[in-house]
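# Structure assessment
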Amino acid sequence: VYSPSIGGLGRNSLVDTPMAFCRGYLPQRGDIVVDLGAGIGTESLLFSHLVGRQGMVISVEAGPTPYRALQRTLAAEGAENVKTYQVAVGNRHGTVHFPDETDEWRAAAIQDSSSGIAVTMKPLHSILGDADIRDNNVALLKCNIEGAEVAALEGLAEYARRNGITYYLPQM
């Protein structure tokens, strides 16, 4: 697969080895996939292709710089089955702060201070509600959010109980 917006995804790429990060479940046509910590959209784009027009990808990125890149990637590829949200995922509603924007946005993580860039934080069940994912089951939740994974899953607990979702949290 080649993506003009993010470059070549050739042999031995994520597209060729999606099971490396899907933990044993490869998204199918019609699935709903949630991509927390979507970055520039590499995996969201792959998920978009896998779930097809019948499926949906909820792509969440808190950092302003990667979020803009995510939007460009998806627009360039015509990924119309992806809904994007620029919010931080946590266990409550509120505001969190990221370090001031730099070229090294990949190292940015939520700070416990009031300085930096303010970003809205929501629990995952609220983001799913914003995306009109109420009674539909999420087939795959990819969560790579710089150490905030536990708080995100705490924010998913009620939705998971209501919809019978089992999730996997690697040891940290």
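All values reported here derive from a predicted model rather than from experimental measurement. (Residues numbered from 1 in each chain as written. Predicted model: local features only at pLDDT ≥ 70, side-chain atom pairs only at ≥ 80, totals over all residues. Heavy atoms only, no water.)

Taken in spatial order, the 4 strands make up an open sheet running S5-S4-S3-S9, and their pairing is parallel. Two strands close off the open sheet at either side, each with one partner strand: strand S5 (82-85) and strand S9 (140-143). Pairwise comparison of adjacent strand axes, ignoring direction, gives a mean angle of 10 degrees for this sheet. Together, strand S3 (32-36), strand S4 (56-60), S5 and S9 form the strand contacts of helix H2 (residues 42-51), whose direction differs from that of S4 by roughly 170 degrees. (Pairing = 2+ DSSP bridges. Helix = DSSP H or I, 4+ residues; strand = E, 2+ residues; numbered from the N terminus. Axes fitted to C-alpha atoms, helices over the stretch in contact; angles between N-to-C directions. Contact = heavy atoms within 4.5 Å.)

Time to look at the sheet that holds strand S8 (residues 117-123). The strand order across the open sheet built from 3 strands is S6-S8-S7, with neighbouring strands paired in mixed fashion. At either end of the open sheet lies a strand with only one pairing partner, and these are strand S6 (88-90) and strand S7 (94-98). Averaged over neighbouring strand pairs, the angle between their axes works out to 45 degrees when direction is ignored.

So, about the side chain of Thr-73. Within the secondary structure layout, Thr-73 lies in helix H3 (residues 64-77). Here the side chain of Thr-73 touches Ile-40 through a polar contact of 2.8 Å, landing on its backbone oxygen. (Polar contact = N/O pair within 3.5 Å; in protein donor to acceptor, adjacent residues only side chain to side chain.)

Approximately 210 Å³ is the volume attributed to the second largest pocket. Arg-29, Leu-45, Ser-48, His-49, Gly-52, Arg-53, Glu-77, Gly-78, Ala-79, Glu-80 and Asn-81 are the residues that line the second largest pocket. For the lining of the second largest pocket, the element with the highest residue contribution is H2, accounting for 3 residues. For the lining of the second largest pocket, the residue count by class is 2 nonpolar, 5 polar and 4 charged. (1 Å grid on protein atoms, 1.4 Å probe; cavity = no way out; pocket = protein on both sides within 12 Å on 5 of 7 lines; lining within 4 Å. Points joined across faces, edges and corners; volume = space filled by probe spheres on them. Nonpolar A, V, L, I, M, F, W, Y, C, P; charged D, E, K, R; others polar.)

This part takes up the pairing of S4. The buried fraction of S4 amounts to 4 of the 5 residues, a majority that puts the element mostly inside the structure. In this sheet, S4 lies alongside S3 in parallel orientation, the contact comprising 5 bridges. Its bridge partner lying in S4, Val-34 is registered against Ile-58. The handedness of the S3 to S4 crossover, carried by H2, is right-handed. Summarising the sheet, S4 and S5 pair through 4 bridges and their orientation is parallel. Across the sheet, Val-57 pairs through a bridge with Val-82, a residue of S5. Each parallel crossover has a hand, and the one from S4 via H3 to S5 is right-handed. (Buried < 20%, exposed > 50% of the residue type's maximum accessible area, 1.4 Å probe, protein only. Right-handed = clockwise from strand over helix to strand, strands pointing away.)

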